[in-house]
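Structural overview
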Amino acid sequence: AASAMAESYVRRTALAGTYTEYFDVPQFITAIQLKAWPLTSITSVYNGSARSYGSSTLLDSTGYAAQLETGLLCFDYYLATGLRSLKVTYIGGMAATADAFVTAYPDIAHAVEMQVVHEFRRRKDSLDGSSASLGVGSFLPSGGVVLLNYTKDILDQYSRMDVAK
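What this report covers is the structure whose coordinates are included nearby. As the structure is a prediction and not an experimental result, all values here were calculated from the model.

The next thing to look at is the overall build of the chain. Counting secondary structure elements, the chain contains four helices and eight strands. In sequence order, the chain lays out its α and β elements as α-β-β-β-β-β-β-α-α-β-β-α. Pairs at least 24 apart in sequence give 74% of the contacts found in the chain among residues at least 6 apart. Per element, the accessible surface of the chain, about 9800 Å² overall, is 57% carbon and sulfur.

Put into structure tokens, the structure is as follows:
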């Protein structure tokens, strides 16, 4: 749950792997931000208003360039517009395993750990004895997660920015 919260906040994918993303393309777009970065490689890019993703819409790799560290994919021309008119398959992500992630991003790991401790203490301290029964167990209602400023400050350094150029 904590890692999902962090991924949601930074709006990017931590686990390295092969991903396919589809984008709605408005007029005059020449760059898009991928979710799983840093990038290892771009496998394929298709662009066509009909969303057929066939050989006629496969873009030649000489028409775009990827900024591997930032996940920004820049095109040399305007893209065909439309809903889901851009399909990008690529390899990217922050780390292949949780252990590799902690090694590569110890500041994020520490911030998430501090957030988990904070949530545990907050819920423990806010118990007033009232609970709800579900028939298979009970739970104590509590408010949603509110990120610590420390956690936000660390995660903000790794946040995905939506780019539409």
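Back to the write-up after that little detour.
The strand order 2-5-4 describes an open sheet built from three strands, whose pairing is antiparallel. What marks the edges here is a single partner per strand, and that holds for strand 2 (31-33) and strand 4 (64-67). Mean inter-strand twist for the sheet, computed between neighbouring axes without regard to direction, equals 15°.

The subject of this paragraph is the packing of helix 1 (residues 2-10) against helix 4 (residues 149-156). Where helix 1 contacts helix 4, the two axes come as close as 10 Å, and the packing angle between them is 60°. Here helix 4 runs oblique to helix 1, going by the angle between their axes. Helix-helix and strand crossings are classified by hand; for helix 1 and helix 4 the assignment is right-handed. Between helix 1, through A6, Y9 and V10, and helix 4, the contact on the second element is made entirely by K152, L155 and D156. Broken down by class, the residue content of the contact of helix 1 with helix 4 amounts to four nonpolar, no polar and two charged.

Let's shift gears to the nonpolar core. Ranked by internal contacts, the top residues of the largest apolar core, which has 17 residues, are I32, V45, F75, L86 and V88. Breaking this core down by element, the ones donating at least two residues are strand 1 (17-25), strand 3 (39-47), strand 5 (72-75) and strand 6 (82-92). Per element, the largest residue contribution to this core is three residues, and it comes from strand 6. Ignoring sequence-local partners within four residues, the contact set of V45 consists of T57, L58, L59, Y64, L73, F75, L86, K87 and V88. V10, A95, V112 and Y158 belong to the second-largest nonpolar core, a separate cluster that totals 13 residues.

Moving on to unusual backbone geometry. In this model, W37 is joined to P38 through a cis peptide bond whose omega is 10°. Checked against the element boundaries, P38 lands in the loop between strand 2 and strand 3. Despite not being glycine, R11 shows a phi value in the positive range, around 55°. Within the secondary structure layout, R11 lies in the loop between helix 1 and strand 1. Within the chain, R84 stands out as a residue other than glycine whose phi angle is a positive 50°. Mapped onto the fold, R84 is located in strand 6.

This part is about the sheet that holds strand 1. With respect to topology, three strands assemble into an open sheet ordered 1-6-3, the strand pairing being antiparallel. Both outer strands of the open sheet, strand 1 and strand 3, are each paired with one neighbouring strand and no more. The mean inter-strand angle of the sheet, taken between neighbouring strand axes irrespective of direction, is 25°. With seven bridges connecting them, strand 3 and strand 6 associate as antiparallel partners. Paired with L39 across the two strands is G92, which belongs to strand 6.

What counts and what doesn't
- Residues numbered from 1 in each chain as written.
- Predicted model: local features only at pLDDT ≥ 70, side-chain atom pairs only at ≥ 80, totals over all residues.
- Heavy atoms only, no water.
- Helix = DSSP H or I, 4+ residues; strand = E, 2+ residues; numbered from the N terminus.
- Contact = heavy atoms within 4.5 Å.
- Areas by Shrake-Rupley, 256 points an atom, 1.4 Å probe, with all protein chains shown as cover.
- Pairing = 2+ DSSP bridges.
- Axes fitted to C-alpha atoms, helices over the stretch in contact; angles between N-to-C directions.
- Parallel < 35°, antiparallel > 145°, perpendicular 65-115°, else oblique.
- Left-handed = near helix turned anticlockwise from the far one by under 90°.
- Nonpolar A, V, L, I, M, F, W, Y, C, P; charged D, E, K, R; others polar.
- Core = buried A, V, L, I, M, F, W, Y, C linked by side-chain atoms within 4.5 Å.
- Buried < 20%, exposed > 50% of the residue type's maximum accessible area, 1.4 Å probe, protein only.

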